[in-house]
Amino acid sequence: MNSSNSPWDAIVVTCKTRQHADSVKQELQLRQKIGFFPNDVILLCVEDPQEGLGSGGASLNALLVITELLSARNKLSIISADILKDSRILIIHLGRLYSHDPCGRAFVALPVVSKQEEMTHVITNFDAIYNLITNQFNAKSPPGVWICSSDMIYQMPLEAELDFDCPNIWEGVCCISFPADIDYARKHGVYRIDEMNTVCDIIYQGSEDEIRSCLIDESQVSLVSGIVYFSSEMAGKMLSLHSWSPVDACTYMGLDSGQEPIQISLYFDILLCMASDIDYEDFVHGNRSNSFGHGSSANKKGNMEMVRKILWECLRGAPIKAVVLASGAHRYLDITDTPRTYVDLLGDPTLACQPCYYSTNRCFSISKNESNISDKCLIINSIIGENVKVEEGTFIAHSHLEGSFVVGRNSVIIGIDKASTRDISRNIPENSFVIGCNITVAGAGKKKVFCTLWNVDKTSFSDNSSSILGDDKDQQILSATGRKKLLHLASQNVHLALSRCYQNTVLKDTKTMITLKLYPVLHARHVVGLNDCLQLLDEKISDGDLQKWRESWRMSLHDILENTDYESEFRYRRNLSIMVCCEKLKCFLTSNRVADLKPLYVVAVASKKHDMILSALDEAALQCISDGKPHLCARVFSCIAEVLAMTAGSEAGLRSGPAANREWKDSLLLLNNQRFSDGVVALSKVRQKWMSNADSLIRSARHYERASQIFIRFASASVSTYIRTLKTAVLEQDTWLLCESPARIDLSGGWSDTPPVCYENGGAVLNMAIRIDGKKPIGARVRRISDPVIKFSALDSMSSISHPSIIWDRVDQFHNYCRPQAQGALVKACFVLTEIVSLNSSKSLKNQLLALLGCGGLEIQTWSNLPRGSGMGTSSILAGTIIMALFHAVGKAVDTHSVIHAVVMVEQMLTTGGGWQDQVGGLIGGVKICSSEAKLPLEIKVESIDVSDEFLDFVDEHMKMIYTGKTRLARNVLQEVLRNWYAKKSEIISNCDALVENAFQCRDAFVNGDSLALGRCITAYRKQKKIMARGSEPQYCVRIMEKLESRVLGQLLAGAGGGGFCFALFKDPIGNDELTNLLEQIEGISDVGVFNATIDRVGVTLYKELASS
């Protein structure tokens, strides 16, 4: 069935209750939104139809539900096992209650961080299990069903050799096993396997002799790990069991048909009957099924015998193998463990033995005063206030501690919220255990309650209270009078009816610590809170506190866990992680640290906590300004735009669009006037009014992107440091000053020259100045005229008749220079940049011209022989020719180096952005590598490459410029690149580094005259450009390039791509007619033109000629 690249068709999670299932489903959906699960995988959380179905019953019911769903989606009218044939299904069981985490063992937070995404979600045991089975097991198996328990932590190093090569391993059932010593195995199940890896027997908590019979070497046995694979055929056989009565009594169908529920074990019923050495009588009568089916009514026992007969008939003889993964480890999360044992397990540095994680003792945590936190602490998903001191050996998870108190050494703190800690009036003693849990109390609603335990290295919740109270127990465990009194009173009045899921566990004794009603929840006259539970840790208890405790309605930890409000608990933890990430976010942005922030935004938006992220981003912007780094606000505002766009969702319009709404005008003007802090605050106020619907949100995002561009413009304006002019004579009358330039073709490194990439990461581009059909295609000319105006006309070429002239005689006509679509915007920006026109002067245009020229005005004409959107740097190169001509015309001599930097300013003034490689490529002749360092002020350096005449001739003879007939629009492409850059996606960051590296490799190819190496660099650059800008190669252009593929050393679309010119370096020279005929063979291709291109070795030229009239 699986026809996509997804590793799974469905992920099924079994849960105790509907409320549990709904809450877990929300968690899984969040993970899917951030890309943890593929978008097309089915996520299903199945409620156990009855409590105590056993692992086998839950597995069969889950398989039935998902098969029914898949059948319906494939428009089948019946449940068909055929649907399983090519399906990959993962079933994960969420097990029983766990004393050390109210969300259960599956959602125990691990002290590890994803190597790929630092700002995503807290990694849980569930996530680690999913990654392990998906990446290291499912990837090596054929389609089928994987079933896994979540009661343990699995460890499997990346370099581990997974021996799945034994014969027929995937034909029936494959049990994944880990080696374990005999002592560890006593508490668990063990496979006895033969030399062919066939499972002969399964023994649970056996005697030492029984366990030794299962040795796989001198000291280790093959442990039942909780992971089992069923081939598609075996999954079909297992599914068929739902149609047999009374086996169907563990499925929702059987219960809906009126059956009495039964309990079936996956291992000691379903799998055991397949084991080769199992005797029929022993199996059917339950002699080998541990306690399942025992201690119950005769009727139920009879039902179980009938169930096992059916299992034997249906499954006996099916192949069952076990694979022992020698490098793996199995760490069971045992309820009998002390809190210290639990912490030691989490603190084990080998815990992150998976390729996608690394260990850390500060995981998703923020400390506001690091000097108060011991280095020897383990902290996960927590915020520690400035005046909270945490002593060594302490473990803290899912807590927000504020106030002024000390957490004593070796304590375990889980789930304490900020509101509860505000009223703490005491220190938390050393060796204490405190856990908070969100619960729902019938008639009282939702409430946060707390449980405590002392001596965490010696006491567990499975300990018997009477033995703790008795003299025969180590008295230092409970020496305090207060604790002893409370324990004694609680143990005298136990009214707990344990659920059946505990009947076969250490909790069958109702006086274990987990079942004692020690913990106050409600009081008729007083508020009950954290302090009331912390008193259980005190050495003494006052009469008043004792009386309040007596009068309180109290619950045991078991009661509390049974009533966990999973939705509130998950939400609390998620909100806390978002708060932690908000603090980290501010640190990352104010230091411009590389980190992919998008997963955080996805989680926040999906959790409806986008307001938290937006507030943090506002604070980050203000901090950047306060730190004297306003240019970093560009990234901050881009992040705000990203969050707004995500919040808008799929109902919004296009991300790119106009951004000059009047409501935003004043805020943007504050930024333009460099009143940055005021601008940030003003923008935030406008934004809050525009949060009501998707349309307003996406329009807000556009305005924040414009605000981001303002900061990029100011940073780019630092190039003014390198613009220098010398006073010289003003252009004489009746003389044209002409400036002509070749075009450019970029061969490597493009996009690395784009602000802010070029000044944050550094950039390097190798390009060539080229003539088209033997001519410099771009130019401008200026002359003085008698009228005190500025006259502009655009020519099709230098020798052509101009279009109707435009006359500008007022300063206000230049105010729209920043609107690229305005008539003559580029020329206007150049007049403003060269200070021929001052927008801030009180003088009229006539008087400004008079001050510069003495009399009259200026006429300027511009031309380009290249089609619009050619990708060959036309606008930037044209700006360079205009600037050079204007400066010289008004008596300011300027060199090419200064003009290159001046064009950067003009591009930013026009709000079109763009890099600096275009003007360098055209204005400076030959082959050159241009670069900038990762710093401000931005300086562009140029190194002309010494290339042999022979190799330059080779390139001239072998290159062609092919106009694709498609006009490209670079601005939207540029916006997409800037969004990706500011998101700091690892792929984009590494690709930018690769662009720079490839530019220098391309330089070496020219120096060495190596045509093959040059072709490889061009090909690599083409791939790199596609990473930077998705869709930069339209299918129309791809078809052209595919036609030429076998005949070229390398080819690419010029500039940002999307259309325009295609540069091709052919293996053998090719004539224009031959190439045209080749292209005409491509179906549906029209308006394609072939041009001769040659390297211009001179660059820009400036000269005078007499004006005719």
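Please refer to the structure placed before this passage.
The model shown is predicted, which means the values in this text are computed figures rather than measured ones. (Residues numbered from 1 in each chain as written. Predicted model: local features only at pLDDT ≥ 70, side-chain atom pairs only at ≥ 80, totals over all residues. Heavy atoms only, no water.)

### Some remarks on the overall build of the protein
Spelled out, the test is: A run of H or I in DSSP becomes a helix once it reaches four residues, and a run of E becomes a strand once it reaches two; helices and strands are each numbered from the N terminus. Each residue gets one of three labels from its accessible area relative to the maximum for its type: buried under 20%, exposed over 50%, partly exposed in between, using a 1.4 Å probe on protein chains only. Contact criterion: two residues are considered in contact whenever any of their non-hydrogen atoms come within 4.5 Å of each other. The protein chains shown are the only cover counted for residues, whose accessible areas, like all others here, come from Shrake-Rupley with a 1.4 Å probe. Charged residues are defined here as Lys and Arg on the positive side and Asp and Glu on the negative side; His and the ends of the chain fall outside this count. A charged residue contributes its charge at one atom only: NZ of Lys, CZ of Arg, CG of Asp or CD of Glu.
Of regular secondary structure, the protein possesses 36 helices and 40 strands. Along the first, second and third principal axes, the C-alpha set of the protein runs to 115 × 70 × 55 Å. Across the 1109 residues of the protein, 60% fall into the buried class. Look at the contacts in the protein between residues 6 or more apart in sequence, and 72% of them connect residues 24 or more apart. Accessible surface, the protein: about 42900 Å² in total, of which carbon and sulfur atoms supply 47%. A distance of 7 Å separates the average location of the 114 positive side-chain charges in the protein from that of its 126 negative side-chain charges.

### Points about unusual backbone geometry
The omega torsion of the bond from Ser245 to Pro246 falls at 10°, within 30 degrees of zero and hence cis. In this structure, Pro246 sits in the loop between helix 6 (232-240) and helix 7 (252-256). Note that the residue after Pro755, namely Pro756, is joined by a cis bond; omega there is 5°. Mapped onto the elements of the fold, Pro756 is located in the loop between strand 27 (743-748) and helix 25 (757-760).

### Things to note about empty space enclosed by the protein
Quick reminder of the rule: With a 1 Å grid laid over protein atoms only, a set of points is called a cavity when a 1.4 Å probe fits there but cannot get out and a pocket when it is open yet has protein on both sides within 12 Å along at least five of seven lines; lining residues have an atom within 4 Å of a point. Grid points are joined across faces, edges and corners, and a volume is the space filled by probe spheres set on the points. Classification convention: Asp, Glu, Lys, Arg as charged; Ala, Val, Leu, Ile, Met, Phe, Trp, Tyr, Cys, Pro as nonpolar; all other residues, Gly among them, as polar.
Under the defined criterion, the tally for this structure stands at eight cavities of 30 Å³ or more. Put simply, the largest cavity is a space of about 260 Å³. Forming the walls of the largest cavity are 20 residues, and the residues nearest its centre are Glu27, Arg31, His121, Val122 and Arg574. At the level of secondary structure, the elements contributing two or more residues to the lining of the largest cavity comprise helix 1 (18-33), helix 18 (566-590) and helix 19 (598-606). Here the lining of the largest cavity takes six residues from helix 18, the largest share from any one element. Of the residues belonging to the lining of the largest cavity, the class tally is ten nonpolar, six polar and four charged.

### Details of the sheet that holds strand 26 (residues 735-741)
In plain terms, the rule: Two strands qualify as a pair provided DSSP detects at least 2 bridges between them. Lines fitted to the C-alpha atoms define the axes, with helices restricted to the stretch that makes contact. Angles between their N-to-C directions range from 0 to 180 degrees.
If you walk across this open sheet you meet the six strands as 31-30-32-29-26-40, and the pairing is mixed. At either end of the open sheet lies a strand with only one pairing partner, and these are strand 31 (806-808) and strand 40 (1101-1106). Each adjacent strand pair in this sheet contributes to an overall mean axis angle of 20°, direction not counted. Strand direction decides the pairing type here: strand 26 and strand 29 (residues 778-785), joined by five bridges, are antiparallel. Bridged to Glu740 within strand 29 is Gly779. Of the strands in this sheet, strand 29, strand 30 (790-795), strand 31 and strand 32 (857-864) touch helix 27 (residues 845-853), which is tilted by about 90° from strand 32. Across the sheet, helix 28 (residues 874-889) lies against strand 26, strand 29, strand 32 and strand 40, angled at about 25° from strand 29, the strand it touches most.

### Some thoughts on the packing of helix 28 against helix 29 (residues 896-909)
Definition in use: Throughout this description, any angle smaller than 35 degrees is read as roughly parallel, any larger than 145 degrees as roughly antiparallel, any in the 65 to 115 degree range as roughly perpendicular, and the remainder as oblique. With the far helix as reference, a near helix turned anticlockwise by less than a right angle produces a left-handed crossing, and one turned clockwise produces a right-handed crossing.
The interhelical angle for the contact between helix 28 and helix 29, taken along N-to-C directions, is 120°, at an axis separation of 9 Å. Regarding the angle of helix 28 to helix 29, the classification is oblique. Classified by chirality, the crossing of helix 29 by helix 28 is right-handed. Seen from helix 28, the contacting residues are Ser875, Ser876, Ala879, Gly880, Ile883 and Met884; seen from helix 29, they are Thr896, Val899, Ala902, Val903, Val906 and Glu907. Here the contact of helix 28 with helix 29 is composed, by residue class, of seven nonpolar, four polar and one charged.

### Observations concerning helix 18
Selection rule: In this analysis, the expected span of each helix is defined as 1.5 Å times one less than the number of residues it contains.
Between its first and last C-alpha, helix 18 extends 36 Å over 25 residues, near the 36 Å set by a 1.5 Å rise per residue. A large share of helix 18 lies buried, amounting to 19 of its 25 residues. Backbone geometry just after helix 18 places Asn592 at a positive phi near 55°.

### A word on the nonpolar core
For clarity, the cut-off: For this analysis, a nonpolar core means a set of buried residues of the types Ala, Val, Leu, Ile, Met, Phe, Trp, Tyr and Cys, connected via side-chain atoms within 4.5 Å.
Counting 289 residues, the largest nonpolar core has Phe637, Met768 and Phe1006 as the members making the most contacts within it. Here this core takes twelve residues from helix 21 (residues 633-648), the largest share from any one element.

### Here's the deal with the packing of aromatic side chains
Condition: Between rings of Phe, Tyr and Trp, where Trp is taken as its six-membered ring, a pair exists when centres lie within 6.5 Å; planes separated by under 30 degrees are stacked, by over 60 edge-to-face, and by other angles tilted.
If you walk through the whole model with that rule in mind, you get 29 aromatic pairs. Between Trp146 and Trp170 the ring centres are 6.0 Å apart and the planes differ by 65°, which places this aromatic pair in the edge-to-face class. Taken as a pair, Trp146 in strand 5 (residues 144-149) and Trp170 in the loop between strand 6 (152-155) and strand 7 (173-181) lie far apart in primary sequence, 24 residues in all. Just as Trp146 is buried, Trp170 falls in that class too. Look at Trp664 and Trp690: their rings are 5.5 Å apart centre to centre, the planes differ by 75°, and that puts the pair in the edge-to-face class. You can see Trp664 sitting in helix 22 (residues 662-672) and its partner Trp690 sitting in the loop between helix 23 (676-689) and helix 24 (694-716), a full 26 residues away along the chain. This pair shows no difference in class: Trp664 is buried, exactly as Trp690 is.

### Side note on the packing of helix 18 against helix 20 (residues 610-626)
Axis separation between helix 18 and helix 20 bottoms out at 9 Å; the angle between their running directions is 20°. Taken together, helix 18 and helix 20 sit at an angle that is classed as roughly parallel. Where helix 18 crosses over helix 20, the handedness of that crossing is right-handed. Together, Asn575, Ile578, Met579, Cys582, Leu585, Lys586, Leu589 and Thr590 of helix 18 and Met612, Ile613, Ala616, Leu617, Glu619, Ala620, Gln623 and Cys624 of helix 20 make up the contact between the two elements.

### As for the pairing of strand 32
The element strand 32 is largely enclosed, with a buried count of eight among its eight residues. Pairing analysis gives eight bridges linking strand 29 to strand 32, with the strands arranged antiparallel. Paired with Ile778 across the bridge in strand 32 is Ser864.

### Some thoughts on the pattern of salt bridges
Pairs may arise between side chains of opposite charge once their charged atoms sit close together. Definition in use: Any Lys or Arg side-chain nitrogen located within 4 Å of an Asp or Glu carboxyl oxygen qualifies as a salt bridge.
Scanning all chains against the criterion turns up 55 salt bridges. Note that Asp678 is salt-bridged to Arg675, the shortest N-O span being 3.0 Å. Where Asp918 meets Arg744, a salt bridge forms, and the shortest distance between an N and an O atom there is 2.7 Å. Placement of the pair is Asp918 in helix 30 (residues 917-923) and Arg744 in strand 27, with a sequence separation of 174 residues. Of the residues examined, Asp918 reaches a relative accessible area of 16% and is grouped as buried. Through salt bridges with shared partners, one network takes in Glu642, Arg655, Glu705, Glu976, Arg979 and Arg1030.

### Quick notes on the pairing of strand 38 (residues 1061-1066)
Most of strand 38 is tucked away, with six of its six residues classed as buried. By the alternation rule, side chains of strand 38 split into Phe1061, Phe1063 and Leu1065 and Cys1062, Ala1064 and Phe1066, which are all buried. Pairing of strand 36 (residues 959-963) with strand 38 involves five bridges; the strand directions are antiparallel. In the strand pairing of strand 38, Lys960 is matched with Ala1064. Of the pairings in the sheet, the one linking strand 37 (residues 1048-1053) to strand 38 comprises five bridges and is antiparallel in character. Residue pairing for strand 38: Leu1052 is matched across the bridge by Phe1063.

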